Amino acid sequence: MVRIQHLLFSFLVAQALSAIVQADDWPQWMGPKRDSVWRETGILEKFPEGGPKVLWRVPVAYGYAGPAVADGCVYVADFVTDVDVRKSSAPGARPEINGEERILCLDAKSGEQRWVHSYSCKYAISYPAGPRCTPTVHQGKVYTLGAEGNLFCLDAAQGKVLWSKDFKKVFHAKTAMWGFCGHPLVDEKKLICVVGGEAGVVYAFDKDTGKELWHALEAKEPGYSPPTMIESAGVRQLLVWHSESLNSLNPETGAVHWSIPLVPDFGMAIMAPRQLGDLLFAGGIGGKSVLLKLAADKPAATEVWRGSIMLGASPVNATPFLENGFMYAVDQPGALMGVDLKTGQHVWETFRAVSDQENPRKVNSGTAFLVKNGDRFFLASETGHLIIARLSPKGYDEISRCKLLEPTGFAFDRDVVWSHPAFAGKCIFWRNDKELVCASLAAK
């Protein structure tokens, strides 16, 4: 009898631990694998009347940087200033604004602050509404990159600075028009960053000490696309898309495998290149996109088609999602579209994902972030709505939507939320320029 009770107890403990393991964290931009897939189960099918249960809301300051969730904590970066940033937000304008950037660590269950790290920072960037990069949390450390090139490695539990780099001082990098935006990538023992220094566009550092390991590539502008890791031909390849070309590098040395010209307007290489089998897509504003076929026997790529305004996609803020021979992308005028990868043809489009449901319309640089969960997508719209929809080659099928945030940012002629949310513990964590909200998305 004692043995049976012991076995039953062990079974229950194992089940409990299994449930804990299955509750995914969201430790970096676009999730655990940087693929915009939320793998938790037990998620609601549609929103209840009045929206999902809000567990907490806490004040934050300016920021485009989305939150990261790991080990019971939420990490988010913001910018504190006395200046009304909305009045300073205009294309091409780069006003000098004094303030401080902060990294906040909050309790994921309550929203209570655990620690804060702050430092003085003068902005001189267009749309100066805070940091752009989501913190990256890995093995007890959190890596953050500010809009003016301040890189920090912090102790994730206490916020103590372990090492730091000022890209402008150390590498003589120049702040691009819209700041430093490439979310740092942890790869094995390396931290890979888009720096844009005099010696190279991309740098690899020892993630524990900050020691420079290698640097690579040259370009007039570094662009805003994050370093991205893929595997093809049995080889791990680091993709770096700057203002002039899409490049594949050896992640251990920085040596270039291949390079394909890809020049978006205004240096706006923004999205992360997306792989689907042996296909690879990247594209930006001005109809500048390309679909590549990756070689099976070595690191190499050939062009399948070149995009245009009417072919492919021209994403601005949001990285597309590829599956089953199809691409779902939010194009520059704000159209969420379905694209046949084989031909690049637009099969369908809708403006409902970036507009008021009753008055869908074109909007300059319209934005909605796509995250896949099961057979559905959760779309974080710039209107502050969270949308549940099914996307297929047949079209856009909206299931449910709710308003979670007020659009406090400003772009062109409208108010916006341009921040990628985090999904963890069956909750959404999302921010604007005034608050960070946590809402339960668990099924009853």
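Residues numbered from 1 in each chain as written. Predicted model: local features only at pLDDT ≥ 70, side-chain atom pairs only at ≥ 80, totals over all residues. Heavy atoms only, no water.

Enquirer: Got a minute to help me understand the pairing of strand S29 (residues 395-403) in this structure?
Expert: The side chains of a regular strand alternate, first on one face of the sheet and then on the other. As defined by bridge partners, strand S28 (residues 385-392) adjoins S29 across 8 bridges and the pair is classed as antiparallel. Note that in S29 the partner of Ile388 across the bridge is Ser400. Where S28 folds back on S29, the antiparallel hairpin that results is connected by 2 residues. (Pairing = 2+ DSSP bridges. Helix = DSSP H or I, 4+ residues; strand = E, 2+ residues; numbered from the N terminus.)

Enquirer: What should I look at first to understand the pattern of salt bridges in this one?
Expert: Pairing between side chains of opposite charge can happen when the charged atoms of each approach one another. With the rule as written, the count across this model stands at 26 salt bridges. Here Asp413 and Arg361 are joined by a salt bridge, their closest N and O atoms 4.0 Å apart. Placement of Asp413 in the loop between strand S30 (409-411) and strand S31 (414-416) and of Arg361 in the loop between strand S25 (346-350) and strand S26 (368-373) is noted, with a sequence separation of 52 residues between them. A single salt-bridge network, built from bridges that share partners, covers Asp187, Glu188, Lys190, Arg236 and Glu252. (Salt bridge = Lys/Arg side-chain N within 4 Å of Asp/Glu carboxyl O.)

Enquirer: Which parts of the structure should I look at to understand the side chain of Glu101?
Expert: With respect to the helices, strands and loops of the structure, Glu101 is situated in strand S4 (residues 97-107). Lacking a salt bridge, the buried Glu101 has Arg132 as its closest oppositely charged neighbour, with an N-O distance of 7.2 Å. A distance of 2.4 Å separates the side chain of Glu101 from the side chain of Tyr123, its partner in a polar contact. In terms of polar contacts, Glu101 uses its side chain to reach the backbone amide nitrogen of Ala147, at 3.0 Å. (Buried < 20%, exposed > 50% of the residue type's maximum accessible area, 1.4 Å probe, protein only. Lys, Arg positive; Asp, Glu negative; His and termini not counted. Polar contact = N/O pair within 3.5 Å; in protein donor to acceptor, adjacent residues only side chain to side chain.)

Enquirer: What is the right way to look at the environment of Pro421 in this model?
Expert: Here Pro421 shows up in the loop between S31 and strand S32 (422-424). Pro421 sits in the buried class, given a relative accessible area of 2%. The spatial distance from the C-alpha of Pro421 to the C-alpha of Glu40 is 15 Å, given a sequence separation of 381 residues. Apart from residues lying up to four places away in sequence, Pro421 is in contact with Trp26, Pro67, Phe369, Ala380, Ile428, Phe429 and Trp430. (Contact = heavy atoms within 4.5 Å.)

Enquirer: When you look at the nonpolar core in this model, what are you seeing that I'm missing?
Expert: Within soluble globular proteins, side chains that are nonpolar tend to cluster in buried spots. Of all hydrophobic cores here, the largest spans 37 residues; its most connected members are Phe378, Leu386, Phe423, Phe429 and Leu441. The residues touching Phe429, leaving out its near neighbours within four places in the chain, are Trp56, Pro67, Val69, Val74, Ala108, Pro421, Ala422, Ala424, Leu436, Val437 and Cys438. Counting 28 residues, the second-largest nonpolar core is a separate cluster that includes Leu279, Phe281, Ala313 and Leu341. (Core = buried A, V, L, I, M, F, W, Y, C linked by side-chain atoms within 4.5 Å.)

Enquirer: Just checking my understanding: could you explain the confidence of the model for the chain for this structure?
Expert: A low pLDDT score tells you not to read the predicted coordinates there in detail. The share of residues in the chain with pLDDT of 70 or more is 95%, and the mean pLDDT across the chain is 94. When the criterion is pLDDT under 50, residues 1-22 qualifies, and its contacts beyond four places in sequence or with other chains add up to 1 contact. (pLDDT = per-residue confidence, 0-100.)

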